[in-house]
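Next come the chains, spelled out residue by residue.
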Amino acid sequence: MEVSVIGSSQAKLGASELASREVGFCNLKNNLKVLNGRVSFGRNNIRWEKAGISFTLRALQTEPVREEKKPSGIGTRSKTVDGVRLFVGLPLDAVSYDCKSINHARAIAAGLKALKLLGVEGVELPIWWGIVEKDAMGQYDWSGYLAIAEMVQKVGLKLHVSLCFHGSKKPNIPLPKWVSQIGESQPSIFFTDKSGQHYKECLSLAVDNLPVLDGKTPVQVYQSFCESFKSSFSPFMGSTIMSISMGLGPDGELRYPSHPQLPSNGKTQGAGEFQCYDQNMLSFLKQHAEASGNPLWGLGGPHDAPTYDQPPYNGFFNDGASWESTYGDFFLSWYSNQLIAHGDCLLSLASSTFGDSGVTIYGKLPLMHSWYGTRSHPSELTAGFYNTANRDGYEPVAQMFARNSCKIILPGMDLSDANQPEENHSSPELLLAQVMAACKKYEVKVSGQNSSESGVPGGFEQIKKNLSGDNVLDLFTYHRMGASFFSPEHFPLFTEFVRSLKQPELHSDDLPAKEEEGAESAMDMSHESSVSMQAA
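Being a predicted model, the structure only gives us computed values, none of them experimental.

**Focus: the overall build of the protein chain**
Reasoning step 1: Summing up its helical and strand segments, the protein chain has 13 helices and 17 strands in all.
Reasoning step 2: Taking all 536 residues of the protein chain together, 57% fall into the buried category.
Reasoning step 3: Accessible surface computed for the protein chain: about 22,000 Å², of which carbon and sulfur atoms make up 49%.

Here's what the structure looks like:
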């Protein structure tokens, strides 16, 4: 059986080679159908089942996709509404922990073809410090990531690389072993909260320029990592690799880990906690307080701030409370300035390292939208953004990005106010509008992302709303490729979303035949990728 592909792209599903695989959580065997030479899913009767179910899939044979000189059809257009480029994130664990192989290689290969056929411009690849420089300082292994770059190049897609100087629990990717070993004897290299708990998924920004890593500073180690990356990927820089995100903190975002473990039970999210209690942060705070003539203010963070899960109705964040006092302004200004200085340092490093490589540098901000409807904005304050009813905390951040000629990544483009719980006064739409206004004022371009991999009510419509109008977006990355992304419940919705961006004035029944053919071929490839992902 052959899958028809527009242009000169070719993809074949082998007719003879069959393999039985174990399924993680979904039985797809009885839901694959063939009609007029095309694969389809029986979407109405799909059953979700426990692990241990096996199914049969056909082997995929791929050939490089060549780009036409005169692009036509859905498979070759790369611009969306108002010129916003569309990317899709690759799996977080795309490369094995030893960096020797590609996880889900077959599924990723099929997925890349499907995205190319839809007209997606490129993919985002997370590259983990804890994988590349795992065993010893200065010993780098890029092999798995180089293999993915070659795969993306052959398909004809672009690549946005995220340099991840943090760890992740899902999937389990820790910091480099040698860094974690140092942390066992020197826990002050990690962020610390009021109760003394250490956040071990990234280093405290207070050690940026301290020789805590076997005589080197973290900034020196990050710079060596970036230089090795630049050298190793030089054949791809400025051609396949068009942009790079510099990891700035937890989850790659410029913030403090004020919510290290977000609640999964749907309970109201608290204000979070200030992360200023490692010995180096306390030392800096003490120096700042003494210099300001108020040494007693340098003994720690606000004494009446709530714990992670407590709502901010009493104490520091309450209306008329300490956050609005002279002390509050002293502490919040210092806390925020420490974060901005950290971002300034790392973005400057990235700009100087990659400035001659023909790539664009990005940094990611969080969207701490809980409690935005209150005057004190506590979730933003604990995360490091001094943004309140009395003060715009994002203009200094936008100025810092502009100073380094870097662009900003903003998540939450799929979130709407209507779908937020009323009890925590959340407003992702108003917060996003405020950050975008600051970026526009300082001429900083923005790249958007969605926040929920599983999808939220009205998510696609909200994304389209944010991609149109008087915004400053230049790129949108949809997160992220995987079994759920290519599932028969989700991928057709994503396909229609892409179609609506490229042909907003056409109904699906009015699409030209070539675009229908390209979309159906992409669907075929997505089915193969979904099966392989769930078998992995």
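**Some points on the sheet that holds strand β15 (residues 407-410)**
Reasoning step 1: With parallel pairing, eight strands are arranged side by side around a closed barrel as β8-β9-β10-β13-β14-β15-β16-β17. If you compare each strand with its neighbour and ignore which way they point, the axes differ by 30° on average.
Reasoning step 2: Where strand β8 (residues 85-89) and strand β17 (residues 473-478) come together, four bridges link them in parallel fashion. Bridge pairing links V88 to Y478 in β17.
Reasoning step 3: The strands touched by helix α5 (residues 218-232) within the sheet are β9 (122-128), β10 (158-164) and β13 (241-246), with β10 carrying the most contacts at an inclination of about 160°.

**Quick word on the side chain of S379**
Reasoning step 1: Topologically, S379 is positioned in helix α8 (residues 378-383).
Reasoning step 2: S379 gets classed as buried once you look at its relative accessible area, which sits at 0%.
Reasoning step 3: In contact with S379, not counting residues within four places along its chain, are S258, H259, Q269, G270, A271, M368, S370 and W371.

**Regarding the packing of aromatic side chains**
Reasoning step 1: On inspection of all chains with the given rule, the structure shows 39 aromatic pairs.
Reasoning step 2: Chaining the aromatic ring pairs together yields one cluster made of W129, Y140, W142, F165, W178, Y222, F225, F229, F233, F236 and F354.
Reasoning step 3: When the ring centre of Y97 is taken as origin, the NZ or CZ atom of K134, which lies over that ring, is 4.5 Å away.

**Some remarks on the nonpolar core**
Reasoning step 1: Grouped together as the largest cluster of nonpolar side chains are 132 residues, with contacts concentrated most on I127, F229, F401 and F494.
Reasoning step 2: The leading source of residues in this core is helix α7 (residues 326-354), at 13 residues.
Reasoning step 3: Filtering out sequence-adjacent residues up to four positions away, I127 remains in contact with V132, W142, Y145, V161, S162, L163, C164, F225, F229 and F233.

**Details of the environment of I241**
Reasoning step 1: If you trace the backbone, I241 turns up in strand β13.
Reasoning step 2: Considered as a pair, I241 and A149 are 92 residues apart in the sequence and their alpha carbons are 8.2 Å apart.
Reasoning step 3: If we skip the residues at most four places from it in the chain, I241 touches L159, V161, F229, F233, F236 and V359.

**Regarding the side chain of Q434**
Reasoning step 1: Looking at the secondary structure, you find Q434 in helix α10 (residues 428-441).
Reasoning step 2: A polar contact is formed between the side chain of Q434 and the side chain of Y372, at a distance of 2.6 Å.

**Describing empty space enclosed by the protein**
Reasoning step 1: Considering all chains together, one arrives at two cavities of 30 Å³ or more under this definition.
Reasoning step 2: Around the largest cavity, the lining comprises 17 residues; the ones closest to its centre are L203, Y222, L248, G249 and H342.
Reasoning step 3: Every element with two or more residues in the lining of the largest cavity is listed here: β12 (198-203) and α7.
Reasoning step 4: When residues in the lining of the largest cavity are grouped by element, the largest group, three residues, is from α7.

**A short note on the pairing of β15**
Reasoning step 1: Two elements, strand β14 (residues 360-364) and β15, share three bridges in a ladder whose sense is parallel. Bridging from a neighbouring strand, G363 pairs with I408 of β15.
Reasoning step 2: Handedness of the β-α-β unit built from β15, α10 and strand β16 (residues 446-449) comes out right-handed.

Conventions we followed
- Residues numbered from 1 in each chain as written.
- Predicted model: local features only at pLDDT ≥ 70, side-chain atom pairs only at ≥ 80, totals over all residues.
- Heavy atoms only, no water.
- Helix = DSSP H or I, 4+ residues; strand = E, 2+ residues; numbered from the N terminus.
- Buried < 20%, exposed > 50% of the residue type's maximum accessible area, 1.4 Å probe, protein only.
- Areas by Shrake-Rupley, 256 points an atom, 1.4 Å probe, with all protein chains shown as cover.
- Pairing = 2+ DSSP bridges.
- Axes fitted to C-alpha atoms, helices over the stretch in contact; angles between N-to-C directions.
- Contact = heavy atoms within 4.5 Å.
- Phe/Tyr/Trp six-rings, centres within 6.5 Å; stacked < 30°, edge-to-face > 60°.
- Lys NZ or Arg CZ within 6 Å of the ring centre and 35° of its normal.
- Core = buried A, V, L, I, M, F, W, Y, C linked by side-chain atoms within 4.5 Å.
- Polar contact = N/O pair within 3.5 Å; in protein donor to acceptor, adjacent residues only side chain to side chain.
- 1 Å grid on protein atoms, 1.4 Å probe; cavity = no way out; pocket = protein on both sides within 12 Å on 5 of 7 lines; lining within 4 Å.
- Points joined across faces, edges and corners; volume = space filled by probe spheres on them.
- Right-handed = clockwise from strand over helix to strand, strands pointing away.

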